[in-house]
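Results of the structural survey
Okay, here's what each chain looks like letter by letter:
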Amino acid sequence: MSSTGADRERLAIEMRVTARHLFEHSLEESSIDRAFERHVSSERGVLRICEDLYDLHSYNRVLVVSIGKAAHTMVSALEIQAGANFEGIVASSLQPASQVGGFRYFHGGHPVPNEESIRAAEAILKALSAQNASSLVVFMLSGGGSSMVEKPIDDEISLVDLVATYRVLVHSGAPIAEINAVRKHLSTIKGGRLAQAALTAQQVSILVSDVPDNTPDALASGPTMPDPTSVEDCHAIAAKHRLLEQFPASVRELFQRHALEETPKSDDPAFHRSRWWTVLSNSTLLEAARRKAERQGFTVEVDNSCDDWEYMSATDYLLERLRDLRKKSERVCLISGGEVTVKVTNGGVGGRNQQFALACAQKIAGKNITVLSAGTDGIDGNSPAAGGIVDGTTVERAKVRGLQPEASLFGFDAYPFFEALADTIMTGPTGNNLRDLRILLSY
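Predicted, not measured: the structure shown is a model, and the values here were computed from it. (Residues numbered from 1 in each chain as written. Predicted model: local features only at pLDDT ≥ 70, side-chain atom pairs only at ≥ 80, totals over all residues. Heavy atoms only, no water.)

1. Regarding the overall build of the chain
Just so we agree on the cut-off: Where helices and strands are cited, they refer to DSSP runs of H or I of at least four residues and of E of at least two residues respectively, numbered from the N terminus. For this measure, only C-alpha atoms enter the radius of gyration; the expected value for a globule follows 2.2 Å times N^0.38, where N is the number of residues. Think of it in three bands: residues with accessible area under 20% of the maximum for their type are buried, residues over 50% are exposed, and the middle band is partly exposed, with areas taken using a 1.4 Å probe on protein chains only. A 1.4 Å probe and the Shrake-Rupley method give the accessible areas. Residues count as covered only by the protein chains that appear here.
In terms of regular secondary structure, the chain is built from 16 helices and 15 strands. Relative to a compact globule of 443 residues, whose C-alpha radius of gyration would be 22 Å, the chain shows 23 Å and is just as compact. Seen through its C-alpha atoms, the chain measures out along the principal axes to roughly 75 × 60 × 35 Å. Expressed as a percentage of its 443 residues, the buried residues of the chain come to 56%. Of the roughly 18,500 Å² that the chain leaves accessible, carbon and sulfur atoms contribute 49%.

Structure representation (structure tokens):
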């Protein structure tokens, strides 16, 4: 290898390490423990949640309900910051390493409900019904909660029918906002109905968000928030995507009989004593990455324009943005949050982040560019990886090993490709989910 080639390889390795460190630093700075250190505390029986103060001595009972992928982590963090003064219910798809005393634990399903999801919902609704005006209910919500706690609005809807309905919605091609609108109206939990179940109690929700910052009611399908969607919306969505003919009979008949009940809106009494605080979101993650990259001498730009875009369109857009920024600075870091979409057909092993990174690899071959894309929950699609990393040497290194980037891309089989190059991002399940982080470096 020539000295120029060796220098190029050293620079590529250095930048892969840099990108990995940026991702790891952002995860660490955006941890639930760090967020609770900043936003939750207890002193002399007064619980502080962001700007609110709650005198625990003034309540006959304090109930904590924690739902989602981060449910266990949030309860542990609450105990660390505010002491072992609480009791309640935890529902997550992840098994905890240990349990916090005073809490009942449920292992709900994800991405579709299971029997434990139903049992968790019934336990939560029963506990909330026992609360009164002298009670404080602390809801702690995180991503994935939609399926981990669920009970249909109609007893005629079996678990089998519920799972089938979820699958119809997910495969309908409808955007997530429309899917959530229908799910909310079919649930005794979603769309503010948990808040309604604790009607007279003082309520506060602590949110670790895996949804866009401007749609907090989408987190876990908004069980403690007013629902901006309506029954009319559900009928329009069902007609638009021809859902009725695909729904199980028990769900189809609810629509046909116009038996859907309206979810609580912002003027509902359930929200008169309710507060909501987002302590972590994708923007927290991006800000941590931005500060770190600036300290390392990069000119940094944050661009979330391609959130929810098809992955190939997002690839083209972000690489073009990087080229434009490169004209103004020698070292550029472009940071992008949110999620891209991948429509998989007969796929292998991988996920949206590895698919995005692999698409970038062919477009940056031979260039001084590094791209990392990874999910903050540590899981990318059906692979054990959180994501992948590529640079200008990826295609060349792959061909030396007999790998075929194009075949891996079009076969939706990115994980074996990255695994062979040791370019996967591996974290294991993080117990948190703040959506995805894409880091593009040009140097």
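More follows now that the structure is in view.
2. Re the pairing of strand S11 (residues 332-338)
Using the following cut-off: Only strands that DSSP links by at least two bridges are regarded as paired with each other. We call a crossover right-handed when, viewed with the strands running away from us, the connection from the first strand over the helix to the second turns clockwise.
The element S11 is largely enclosed, with a buried count of 7 among its 7 residues. Relative to S11, strand S10 (residues 299-302) runs parallel, the two being bridged by 4 bridges. What sits directly across from Val302, in S11, is Ile335. Handedness of the crossover joining S10 and S11 through helix H12 (residues 311-326): right-handed. Pairing analysis gives 7 bridges linking S11 to strand S15 (residues 436-442), with the strands arranged antiparallel. Bridged to Val332 within S15 is Ser442.

3. Observations concerning the packing of helix H6 (residues 159-170) against helix H7 (residues 176-185)
Just so we agree on the cut-off: Only the contacting stretch of a helix is used when fitting its axis, a line to C-alpha atoms as for every element, and angles between N-to-C directions run 0 to 180 degrees. Angular relationships are summarised with four words: roughly parallel below 35 degrees, roughly antiparallel beyond 145, roughly perpendicular across 65 to 115, and oblique for the angles in between. Left-handed describes a crossing whose near helix is turned anticlockwise from the far helix through less than a right angle; right-handed describes the clockwise counterpart. When checking whether two residues touch, look at their non-hydrogen atoms; a contact exists if any pair is within 4.5 Å. When residue character is reported, Ala, Val, Leu, Ile, Met, Phe, Trp, Tyr, Cys and Pro are called nonpolar, Asp, Glu, Lys and Arg charged, and the others, Gly included, polar.
It is at 10 Å that the axes of H6 and H7 come closest, and there the two elements cross at 160 degrees. One way to sum up the angle between H6 and H7 is to call them roughly antiparallel. Our pair here, H6 against H7, has a crossing hand that is right-handed. Listed contacts from H7 to Tyr166, Leu169 and Val170 of H6 are Ile179, Val182 and Arg183. Partitioned by chemical class, the residues of the contact of H6 with H7 number 5 nonpolar, no polar and 1 charged.

4. Some remarks on helix H16 (residues 414-421)
What counts here: By construction, the arc corresponds to the directions joining the helix axis to the C-beta atoms.
Of all the positions in H16, only Ala414, Tyr415, Phe417, Phe418 and Leu421 are classed as buried. All buried residues of H16 fall inside an arc of 160 degrees around its axis, so they share one side. Buried positions along H16 lie against helix H13 (352-363), strand S13 (387-391), helix H14 (394-400), helix H15 (405-410) and strand S14 (424-425). Just past H16, the residue Ala422 takes up positive phi, approximately 60 degrees.

5. A word on the packing of aromatic side chains
Stated precisely, the cut-off is as follows: Pairing of aromatic side chains requires ring centres within 6.5 Å, counting the rings of Phe and Tyr and the six-membered ring of Trp. Pairs whose planes differ by under 30 degrees are stacked, by over 60 edge-to-face, and all others tilted.
Taken as a whole and judged by the stated rule, the model has 4 aromatic pairs. With a centroid separation of 6.2 Å and 50 degrees between ring planes, the pair formed by Phe271 and Trp276 is classed as tilted. We classify Phe271 as buried; its relative accessible area is 7%. Overall, the relative accessible area of 30% leaves Trp276 in the partly exposed class.

6. Overview of the nonpolar core
As a rule of thumb, nonpolar side chains are buried together in soluble globular proteins. What counts is decided by this rule: Among buried residues, the Ala, Val, Leu, Ile, Met, Phe, Trp, Tyr and Cys ones that are joined through side-chain atoms within 4.5 Å form a nonpolar core.
If you look at the biggest cluster of nonpolar residues, it comprises 34 residues, and the most contacted ones within it are Phe36, Phe86, Val138, Met140 and Ile206. For this core, the elements supplying multiple residues, two or more each, are helix H2 (32-39), strand S2 (46-49), strand S4 (61-67), helix H3 (71-82), strand S6 (103-107), strand S7 (135-142), strand S8 (202-208) and strand S9 (274-280). Considering each element in turn, this core owes the most residues, 6 residues, to H3. Val371, Ala398, Phe418 and Leu440 belong to the second-largest nonpolar core, a separate cluster that totals 30 residues.

7. Examining the sheet that holds strand S1 (residues 40-43)
As summarised here, the arrangement of the 3 strands in space is S1-S2-S3, forming an open sheet in which the pairing is antiparallel. Of all the strands in the sheet, the pair left with one neighbour each is S1 and strand S3 (52-55). Strand after strand, the sheet turns through a mean of 20 degrees between neighbouring axes, direction not considered. In the sheet, S2 pairs with S3 via 4 bridges, with the strands oriented antiparallel. By the bridge assignment for S3, Arg48 is matched with Leu53. Each of S1 and S2 touches H2; the most contacted strand, S1, lies at about 50 degrees to it. Packing against the sheet, H3 makes contact with S1 and S2, and its axis sits at approximately 35 degrees to S1.

8. A few points about unusual backbone geometry
The step from His110 to Pro111 runs through a cis peptide bond, and the omega angle for that step is 10 degrees. With respect to the secondary-structure elements, Pro111 resides in the loop between S6 and helix H4 (115-129). Notably, Ser221 is not glycine yet its phi reads approximately 65 degrees, a positive angle. For Ser221, the position within the fold is in the loop between S8 and helix H9 (231-240).

9. Quick look at the environment of Thr430
Rule in force here: Think of a polar contact as two N or O atoms within 3.5 Å of one another; within protein, one of them needs to be a possible hydrogen donor and the other a possible acceptor, and neighboring residues in sequence only count if both atoms come from side chains.
On the secondary structure map, Thr430 appears in the loop between S14 and S15. As for Thr430 and Pro175, which are separated by 255 residues in sequence, their C-alpha atoms are 26 Å apart. Setting aside its immediate chain neighbours within four residues, Thr430 contacts Thr376, Asp377 and Gly378. Within the structure, the side chain of Thr430 is placed 3.0 Å from the backbone oxygen of Asn432, a separation counted as a polar contact.

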